[in-house]
Amino acid sequence: MFDWNWEFAWEILPRLIVATGNTLIAAGAGYAIALVLGLVLAIAQRTPYRGLTFVVREFVEFIRSTPLLLQIFFVFYVGPQFGLRLSPWASGMIAIGLHYSCYLSEVYRGGLDSVPRGQWEAATALNMTIAQKYRRIIIPQAIVPALAGMGNYLVGIFKDTPMLSVIGVAELIHTANAIGSEHYRFLEPFTLVGLIFLAISLPAAGLIRGFENFIRRKLGLQ
Amino acid sequence: MEDMSGYPHELTGENTPMVSFKNVRKSYGSLVVLDDLDLDVTTGEMVSIIGPSGSGKTTVLRMLMTLEKINGGCIYVDGKPLTHMPKNGGLVPANERHLRERRADIGMCFQHFNLFPHMTALENCMEGPVHVLGISKAEARDRSEELLELVGMINKKDEHPSRLSGGQQQRVAIARALAMRPKVMLFDEVTSALDPEVIGEVTNVIRGLVDEHNLTMLMVTHQMGFARDISDRVCFFYGGKIEEQGSPAELFGNPQRERTQQFLSAVREAV
Amino acid sequence: MDIFEFLVQYWPRILSGVGVTVAQFVLAAILGIAVALTMGLLKLSTNKVLKGFAVTYIEIFRGTSLLVQLYWIFFVLPLFGFSIDKFTAGYVAVGMNIGAYGAELVRGGILSVPKGQWEAALAINMSPAKRMWRIILPQALINMLPPWGNLMIELLKGTALISLISVADLMFVTKQINASTFLSAQAFGIALIIYYILARFLVTPFMRWLERFMARKMGRA
């Protein structure tokens, strides 16, 4: 029953390690997009323009309520219908970056809301522009309470990269699938992929907590 | 929109007040907080505002700092309209650009200090001069250290606010506001959140400002003795209006209105 | 083909996909809640073996991807002699995954009940099981319902992955229609809207209603 083949596992490991690299690149690039776009979406919801606030709010709700897998297909297939051909990597990064930017915008919003009103008022009393208030006073303080959520979604985006396999991005699951169908053996590739995910995401949680404490100390907020 | 034709574009003349409220109204929905307020403060004057809570006294300072919009009338600072700006021959509500230009004359200290927690005491003081006034870091540092010296906080200049007591935080907040070189300083119940034993260190700093600087100051306070000691004039607010005003000796020694008498005797009993 | 013609022609297939998605959602939710309760309680157990089991379960299912778990259950489990059909594999994978996240909510909810409640239940001589079931869990439930609302949305979205093992849910049907018509905007667009409607106008309102209902029942409204 238990026919784990060590030799085969050893043989496919290099391919899986390359795929791990691709997975990490995809997660990192998607996260970078999400970090920036999420901030834009969060701040857009705090402007006094009611129409803009409403549209952004509904957009965020929509993206958060629908499956990432479907969004990946949408970005990949709808472009060509209108003459815009995107590579699997480009579509994947757009879809996953957009999806997580909506989650991050909620994290940022929570962080921004946690900054007391007195901080805004003190910044006004120092005659700061709205951009200066955000950049110098509010965002540095909003970041700290947001760090835990930001860290969770970094791990989350990493764990969602396997969905990019469906449009042909050669990340871990895609590679495991390919190995499986070449050799008619699925036990080793899928088990190894699971172990690789565990080996990365479990320590990541601890590292993120450490980073959070480091930032807290650095900003003198103990 | 309100007809602003009765309001001048500029106050001129020899005795132009530093701060002038003209028919200022403020309400939240149907609740009227300030009712046709007229108040002039001359340059270098120290005016204390006292009164029961809910009388609108803090709102006076918050409107002057432009933290609250006014619903009617006009506020002038140094002769020029603060809440409005000239446009097409008339006065219209000020835009953000006009506010930023006029706000430079005003500094404020808050009840809860509102120091920036991610910056040290010195960085708090340098923040405005460097990033708003655009002066060099070296010059801002000199200016800030001088002011921290003045408020007796120079030995704590590299501490973050979380490591400072309330009285120490409030003194840093005063230095931070002064670093912007305002013409008008606003003190909004700056001792109300402090433990009794550290109130003195803050009031002493403010006392020093009255002597050393030719600053115009407005102070909302519950410290009657302090108001009596240092004010040029005391205004008693009641129900969104100035019920009575006068020199400390007049107002505390011989109040004319019944409400003032009631308030003062209630406060004295509480002590 | 405009969108109405498209809908008229493909509506029956889309509807059958929605039916499968809803069935998967309900089954996975039931399994997920059961797993969450079990693992959440076990993680609070003082027995080291039981606690270790729950911790391992939770870390494995939260540390790896749902897609990896789905493939593992569908492709690898049969090698050990557990052959399950794809429909079952689908909701089992989704439910076990969501259960691991839910277990943390259960645990947090139980820990949020004040210690005095435990002591009061002990003082009227309730058995440990009764204390948990009659006194602690109802109060914990109220505290953890709001995050469960979000988790249910995640569950609904998670069911879309079962299309990758060829369960004919909404996602799968949509992909088929796209492959045969190349009308990607219509096909995927309609599917997005249907998922949105399910989440926003069925799952979320139901969870809100449940929150209010429970709060009323506990006299907290």
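These figures come from a predicted structure and were not determined experimentally.

Focus: the overall build of chain B
What chain B contains, in helices and strands, is nine helices and twelve strands. The C-alpha atoms of chain B give 19 Å as radius of gyration, which agrees with the globular expectation for 271 residues (18 Å, within 12%). The principal-axis extent of the C-alpha atoms belonging to chain B is close to 55 × 50 × 40 Å. Within chain B, counting contacts between residues at least 6 apart in sequence, those at least 24 apart form 64% of the total.

Notes on the interface of chain A and chain C
In this assembly, 30 residues from chain A lie in contact with 32 residues from chain C. Elements that contribute at least two residues to the side of chain A that touches chain C include exactly α2 (50-65), α3 (68-81), α6 (130-160) and α8 (187-218) of chain A. In terms of residue count, the dominant contributor to the side of chain A that touches chain C is α8(A) (nine residues). Class assignment for the residues of the side of chain A that touches chain C results in 21 nonpolar, six polar and three charged.

Structural notes on the sheet that holds strand β1 (residues 19-28) of chain B
Residue and element names in this part refer to chain B. Read across the sheet, four strands follow the order β2-β1-β4-β5 without closing on themselves; strand pairing throughout is antiparallel. In this open sheet, the two edge strands, each paired with only one partner strand, are β2 (31-41) and β5 (80-81). Seen against the sheet, helix α1 (residues 57-64) touches β1, β2 and β4 (72-77) and runs at an angle of roughly 115° to β1.

Some points on the sheet that holds strand β10 (residues 216-220) of chain B
Adjacent strands of a sheet pair through backbone hydrogen bonds, lying either parallel or antiparallel. Residue and element names in this part refer to chain B. The sheet built from six strands is open, its strands ordered β8-β9-β10-β3-β11-β12 with mixed pairing. Strand pairing shows two members of the sheet lacking a second neighbour, β8 (106-109) and β12 (241-246), which therefore form its edges. Neighbour to neighbour, the strand axes of the sheet diverge by 20° on average, direction disregarded.

Observations concerning the environment of Gln139(C)
By the element assignment, Gln139(C) lies in helix α6 (residues 128-158). Put simply, Gln139(C) and Ile110(C) are 29 residues apart on the chain and 7.9 Å apart in space, counted from C-alpha to C-alpha.

Focus: the nonpolar core
Of all hydrophobic cores here, the largest spans 194 residues; its most connected members are Leu69(A), Leu70(A), Ile72(A), Ile75(B), Ala175(B) and Leu186(B). In terms of residue count, helix α4 (residues 86-111) of chain C provides more of this core than any other element does, twelve residues in total.

Some details on the confidence of the model for chain B
Scored by pLDDT, chain B comes out at a mean of 92, with 99% of its residues at no less than 70. Predicted as a complex, the structure gets a pTM of 0.83 and an ipTM equal to 0.90.

Concerning the arrangement of the chains
For this structure, the chain pair with the highest number of contacts among two pairs of chains in contact is chains A and C. With no contact between them, chain B and chain C keep their nearest C-alpha atoms 29 Å apart.

So, helix α5 (residues 166-178) of chain B
All names here are of chain B. Along its 13 residues, α5 runs 18 Å from first to last C-alpha, staying within 8% of the 18 Å computed at 1.5 Å per residue. With twelve of 13 residues buried, α5 lies mostly within the body of the structure. The complete set of buried residues in α5 reads Gly-167, Gln-168, Gln-169, Gln-170, Arg-171, Val-172, Ala-173, Ile-174, Ala-175, Arg-176, Ala-177 and Leu-178.

Some remarks on helix α3 (residues 66-76) of chain C
The buried count for α3(C) comes to eight of eleven residues, which makes it a mostly enclosed element. Three or more residues of α3(C) are buried, namely Leu66(C), Leu67(C), Val68(C), Gln69(C), Leu70(C), Tyr71(C), Ile73(C) and Phe74(C). Against the buried residues of α3(C) lie α7 (172-183) and α8 of chain A together with α2 (48-63), α4 and α6 of chain C.

Describing the packing of helix α1 (residues 6-44) of chain A against helix α4 (residues 88-114) of chain A
Residues and elements named next belong to chain A. Where α1 contacts α4, the axes come no closer than 6 Å and their chain directions differ by 45°. As summarised for this structure, α1 and α4 are arranged oblique, according to the angle between their axes. Handedness of the crossing formed by α1 with α4: right-handed. The class makeup of the residues in the contact of α1 with α4 is 18 nonpolar, six polar and one charged.

A look at the packing of helix α1 (residues 3-43) of chain C against α2(C)
All names here are of chain C. Running from N to C, α1 and α2 cross one another at 130°; their axes reach a closest spacing of 7 Å. When the interaxial angle is binned, α1 and α2 end up oblique. Helix-helix and strand crossings are classified by hand; for α1 and α2 the assignment is left-handed. Between α1, through Met-39, Leu-42 and Lys-43, and α2, the contact on the second element is made entirely by Leu-50, Lys-51, Phe-53, Ala-54, Val-55, Tyr-57 and Ile-58.

Topic: the interface of chain B and chain A
Contacts between chain B and chain A engage 22 residues on the former and 19 residues on the latter. Contributions of two or more residues to the side of chain B that touches chain A are made by α2 (96-103), β8 and α3 (121-133) of chain B. When residues of the side of chain B that touches chain A are assigned to their parent elements, the largest contribution, four residues, is made by α3(B). When its residues are assigned to classes, the side of chain B that touches chain A shows ten nonpolar, nine polar and three charged.

Cut-offs used in this document
- Residues numbered from 1 in each chain as written.
- Chains lettered and ligands numbered in written order.
- Predicted model: local features only at pLDDT ≥ 70, side-chain atom pairs only at ≥ 80, totals over all residues.
- Helix = DSSP H or I, 4+ residues; strand = E, 2+ residues; numbered from the N terminus.
- Rg over C-alpha atoms; globule rule 2.2 N^0.38 Å.
- Contact = placed C-beta atoms within 7 Å.
- Nonpolar A, V, L, I, M, F, W, Y, C, P; charged D, E, K, R; others polar.
- Pairing = 2+ DSSP bridges.
- Axes fitted to C-alpha atoms, helices over the stretch in contact; angles between N-to-C directions.
- Core = buried A, V, L, I, M, F, W, Y, C linked by C-beta atoms within 7 Å.
- Buried ≥ 20, exposed ≤ 12 C-beta atoms within 10 Å, placed from the backbone.
- pLDDT = per-residue confidence, 0-100.
- Expected span 1.5 Å × (residues − 1).
- Parallel < 35°, antiparallel > 145°, perpendicular 65-115°, else oblique.
- Left-handed = near helix turned anticlockwise from the far one by under 90°.

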